[in-house]
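Observations on the three-dimensional arrangement
Read off the chains here:
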Amino acid sequence: MAEQTAAQHELATLIVQCLNLEDVNAARIDPDAPLFGGELGLDSIDALEIALAVSRRYGFQLRSDNPENQQIFASLRNLSSHVEQHRA
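Attention here is on the structure that accompanies the text. (Residues numbered from 1 in each chain as written. Predicted model: local features only at pLDDT ≥ 70, side-chain atom pairs only at ≥ 80, totals over all residues. Heavy atoms only, no water.)

The secondary structure content of the chain amounts to four helices and zero strands. The N-to-C order of helical and strand elements in the chain reads α-α-α-α. Against the globule reference of 12 Å for 88 residues, the chain gives a C-alpha radius of gyration of 12 Å, in line with a compact fold. Dimensions of the chain, computed from the C-alpha atoms along their principal axes, are close to 30 × 25 × 20 Å. Within the chain, the fraction of its 88 residues that count as buried is 38%. Of the roughly 5,500 Å² of accessible surface on the chain, a fraction of 45% belongs to carbon and sulfur atoms. Here the chain contributes 6 positive and 13 negative side-chain charges, whose respective centroids are spaced 7 Å apart. (Helix = DSSP H or I, 4+ residues; strand = E, 2+ residues; numbered from the N terminus. Rg over C-alpha atoms; globule rule 2.2 N^0.38 Å. Buried < 20%, exposed > 50% of the residue type's maximum accessible area, 1.4 Å probe, protein only. Areas by Shrake-Rupley, 256 points an atom, 1.4 Å probe, with all protein chains shown as cover. Lys, Arg positive; Asp, Glu negative; His and termini not counted. Charge placed at Lys NZ, Arg CZ, Asp CG, Glu CD.)

Structure below.
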């Protein structure tokens, strides 16, 4: 497993908190593992919850009609990179 950056850990913690993933340690989320369809068992409703939490925390919206969403939400690394590029 690759080591998380500080930004990735902050985002992983936000995901664990907003989705109430009680059995998941944010520090143990592999930055390169798939967020959806993988170990976390996340689904499309979870994506909406994550998008809402990101918009509240980082001051920009992850829009549901963005054609790049599949790539953005592919992994913690991709999502963190997107957040770092667009945060207010």
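Turning our attention to the environment of Asp-43. When you line up the elements, Asp-43 lands in the loop between helix H1 (6-18) and helix H2 (44-58). A polar side-chain atom of Asp-43 sits 3.1 Å from the main-chain amide nitrogen of Ile-45. (Polar contact = N/O pair within 3.5 Å; in protein donor to acceptor, adjacent residues only side chain to side chain.)

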